[in-house]
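Residue-level structural notes
The residues making up each chain are set out below.
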Amino acid sequence: MREHRASRWSVLALLCFSLLLIAVDATVLHIAVPALTAALEPSAVQLLWIIDVYSLVVAPLLVTFGTLGDRFGRRPFVLAGYVVFGLASLSAAFAGSAGALIVSRAVLGVGGAMIMPATLSIIRQVFTDRRERAIALGVWSAVAAAGAAVGPLIGGVLVEHLWWGAVFLINVPVLAVVLPVAVRILPASPRRTGQRWDALSAALSTLGILAVAFGLKEAGYGHAMGRGVSGVVFLAGAGLLVWFVRRQRRLAFPLLDLELFRQRGFATGVGCVLLSIFALVGLELMLAQYLQLVLGLSPLEAAVRMLPLMLAAIAGGLAAAHVLQRAGLRATVSGGLGLTALSLAPVLTWGAEPHETMLTVCFAGIGFGVEVALLAASDTIMASVPESRAGGAAAIEETAYELGAGLGIAVLGTITTMVYAPALGTVPGVPGRLMGEARESLAAAAHAASRAGGAPGAELMDAARAAFVTALHSTVLVSLALLAVTAVAVALLIPRPAPPPAEEPERVPV
C-alpha cells in the first residue's frame, strides 16, 4: 500500500512539472515584450500573434489530443509531446524574424496540446478517492497558476542577463531530463479503440478558433486587409465553429462530448474558467508592460513586483480544497471572483506614479482570489463526469483555460491598442514615420522614442505612457465587468447541494 501511494504521488509530481513548463511558456514573453520588440521589430498584430498563438493553437488541439489519448492511451502522446515541445523551443530560441517566431510558437502549442490533456485525466485515473483527488487538483491548480505567474519572473531574469531567446532555450535541457523519467513512471491508460476519431471536426475547431482570433485582431487594427475583410474572416471562423458544434451533435462518437454541457454544474464550471482567465491573462500582459514602460522598471524588477501574484496564487490553490469543504461551492467560486475584482479595481486610479504597497496588495488579492475560484470550478468539472469520460472533460476544461488566455490577449490587446493609438497625439519634432510606429504599441513607442532622441523622444515617451494608462483603464473596466458577470452567473446557475436525508425521530418506548 505504501509503495502504491508513493507511486501515484510521484506521477502527480511529474505531471505537475510538465504542466509547469507549459504554463510558463504561456506567460514567459510578457516581460520580454520590450526586448523582443527592439530585436525583431514586429508590428502590433505580429506582437499579439507571437504572444497568444501558443494558447490559440493549444486550445482546439486539447480536445483532439484528449480524445486521441482516450482512444489510443495517454502515455504515447505525452512522450511525443515532450519531443515536439523541445524541438519547437529550440527553433523559437533562434528565430530570426517575427514570422519565424510565430510559427515556432504555434508548433510549441502542438507539443503542449499533446501533453496537457493527460495532466488532469491521469490524475483522475490514479487518484480514485475524491478527498485525495481534491488535494491533487489543488496542487495541480497551484502549479498551473505558479507557472503562469512565474513565467514573467523567469523571463525577466533571462532577458536581463542573457537575451530574449533564452526564455525558450531553457526548456531543452529540462525536457532532456524529464523524458526518461516519464518513460519509466507514467502509467498506461486503458484504450477505447471502438470509438472513431473525426479529423474533420479537429480541422473545423482549429481553423475556426484561429480565424475568429485573426478577424478580431485585424478588425481592431485594420492594417493587413481592412476592417471589412477582417469582419468576413471573423464571421467565417464563427461559421466553422457553428458547423463544428452541429457536427458533434450528429456524430455517434463526437470529438467534443456536448452532452457533458447538459449538466449545469459542468457547464457553469467551464464558463467560470473561460471568462475568469479571459479577463485576467490579457490584463497581466498589459500590467507587465505598465511596470516596465510606464514605471520604468527593468525586466527583473518588473518580474519581482509581480512575484506576490505567484505566491498568492500558490497559496490560493493549496487552500482552496479546505475553503471549498467549509464554505461550499457557490460561496467559494463567487467569493474568489469577488476578491479578484476588488483587488483589481484600484488599478483604475493608477497613473505614472509609483505605488509599491498598493501594487503588492492588489497582485496578492488577484492571485489568491482567482485560484480559489478556479480550483472550485475544476473540482466541480471533474466530479461531474465518470472516469470513462475524464479525458474529454479534462480536455474541455484545459481548452477553457487556453482559449480564455488566447482570446483574452487577442481581445483585450486589441481594445488596448484601439484606445491607445487615438490617445497618442502628434508630438512636435517627431517624424510622421516614427509617430506611426509609436502608435503600434507602447513597446514600439519606446523603440521609436530612442530613435528620435533628445527632447522630442522624451516628450514622445511621456505622451505614450499617458495614452497607455488610458488604454489600461479601459481593459480593467472590461475585466471587472466579466468578473462581475461570472460571479453572478455562478451564484445563480451552480446547483445547490442536495440536503442530507432527514433522520427518523427516535421512538420513545411507551
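All chains use their own residue numbering, which begins from 1 and follows the written sequence. Per-residue local features of the predicted model are confined to residues with pLDDT of at least 70, and side-chain atom pairs are confined, for both listing and counting, to 80 or more; whole-chain, interface and lining totals are unaffected and use all residues. Hydrogens and water molecules were not included; the side-chain quantities draw on all heavy atoms of the structure.

Things to note about the packing of helix 11 (residues 264-294) against helix 18 (residues 442-452)
- All axes here are fitted lines through C-alpha atoms, helices being fitted over the stretch that makes contact, and every angle between N-to-C directions spans 0 to 180 degrees. Put simply, DSSP marks the helices as runs of H or I at least four residues long and the strands as runs of E at least two long, and each gets a number from the N terminus on. Packing of helix 11 against helix 18 brings their axes to within 10 Å, and their N-to-C directions diverge by 20 degrees. It follows from the interaxial angle that helix 11 and helix 18 lie roughly parallel. Classified by chirality, the crossing of helix 18 by helix 11 is left-handed. Mapping the contact onto sequence places Gln289, Leu293 and Val294 in helix 11 and Leu442, Ala443 and Ala446 in helix 18.
- Residues are grouped as follows: Ala, Val, Leu, Ile, Met, Phe, Trp, Tyr, Cys and Pro are nonpolar; Asp, Glu, Lys and Arg are charged; every other residue, Gly included, is polar. The residue inventory of the contact of helix 11 with helix 18, partitioned by class, reads five nonpolar, one polar and no charged. The scheme is simple: roughly parallel for angles under 35 degrees, roughly antiparallel for over 145, roughly perpendicular for 65 to 115, oblique for anything else. Two helices cross in a left-handed way if the nearer one is turned anticlockwise from the farther one by less than a right angle. They cross in a right-handed way if the turn is clockwise. The contact definition used throughout considers only heavy atoms, calling two residues in contact when any of these lie within 4.5 Å.

As for the pattern of salt bridges
- For this analysis, a salt bridge means a side-chain nitrogen from Lys or Arg found within 4 Å of a carboxyl oxygen belonging to Asp or Glu. Enumeration over the complete set of coordinates arrives at one salt bridge.
- The residue Asp462 makes a salt bridge to Arg465 at a minimum N-O spacing of 3.2 Å. On the criterion of helical spacing, the pair formed by Asp462 and Arg465 is a turn pair, its members being three residues apart in helix 19 (residues 454-493).
- The class for Arg465 is partly exposed, based on a relative accessible area of 23%. Under the scheme applied here, a residue whose accessible area is under 20% of the maximum for its type counts as buried, over 50% as exposed, and between as partly exposed, the area being computed with a 1.4 Å probe on protein chains only.

Looking at helix 11
- The length a helix should cover is 1.5 Å for every residue beyond the first. Given a rise of 1.5 Å per residue, 31 residues ought to cover 45 Å, and the 44 Å separating the end C-alpha atoms of helix 11 matches this to within 8%.
- The element helix 11 is extensively covered by neighbouring structure, given that 26 of its 31 residues are classed as buried.
- Once helix 11 finishes, Gly296 follows within two positions and takes phi at roughly 80 degrees, a positive value.

Some thoughts on the environment of Ala182
- Along the polypeptide, Ala182 turns up in helix 8 (residues 171-185).
- Judged by relative accessible area, Ala182 falls into the buried class, the value being 0%.
- Those residues in contact with Ala182, other than ones at most four positions away along the chain, are Leu14, Arg75, Leu79 and Tyr82.

Some remarks on a nonpolar patch on the surface
- Patches were defined on residues exceeding 30% relative accessible area and lacking a salt bridge, with like-charge contacts within 9 Å and nonpolar side-chain contacts (Val, Leu, Ile, Met, Phe, Trp, Tyr) within 5 Å. Accessible surface is estimated by sampling points in the Shrake-Rupley manner with a 1.4 Å probe; for residues, cover comes only from the protein chains shown. Judged by side-chain polarity, Leu90, Phe94, Leu162 and Trp163 come together as a nonpolar surface patch covering roughly 420 Å² of accessible area.
- By secondary structure assignment, the location of Leu90 is in helix 4 (residues 74-93).

Considerations on the environment of Ala364
- As for its placement among the helices and strands, Ala364 is situated in helix 15 (residues 356-383).
- Take Ala364: its relative accessible area is 27%, and that puts it in the partly exposed class.
- Along the backbone, Ala364 and Ala312 are 52 residues apart, and their C-alpha atoms lie at a distance of 5.1 Å.
- In this structure, Ala364 is in contact with Pro308 and Ala312, ignoring residues within four places of it in sequence.

A look at empty space enclosed by the protein
- In this analysis a 1.4 Å probe is tested at points of a 1 Å grid over the protein atoms alone, and where it fits but cannot get out there is a cavity; an open set with protein on both sides within 12 Å along at least five of seven lines is a pocket; lining residues have an atom within 4 Å of a point. Grid points are joined across faces, edges and corners, and a volume is the space filled by probe spheres set on the points. A complete count under the given rule lists four cavities of 30 Å³ or more for this structure.
- In this structure, the second largest cavity encloses a volume near 140 Å³.
- Met286, Gln289, Gly413, Thr417 and Ser441 are the residues nearest the centre of the second largest cavity, which is lined by 16 residues in total.
- Those elements giving two or more residues to the lining of the second largest cavity turn out to be helix 3 (44-72), helix 11 and helix 16 (390-423).
- Within the lining of the second largest cavity, the residues separate by chemical class into 10 nonpolar, five polar and one charged.

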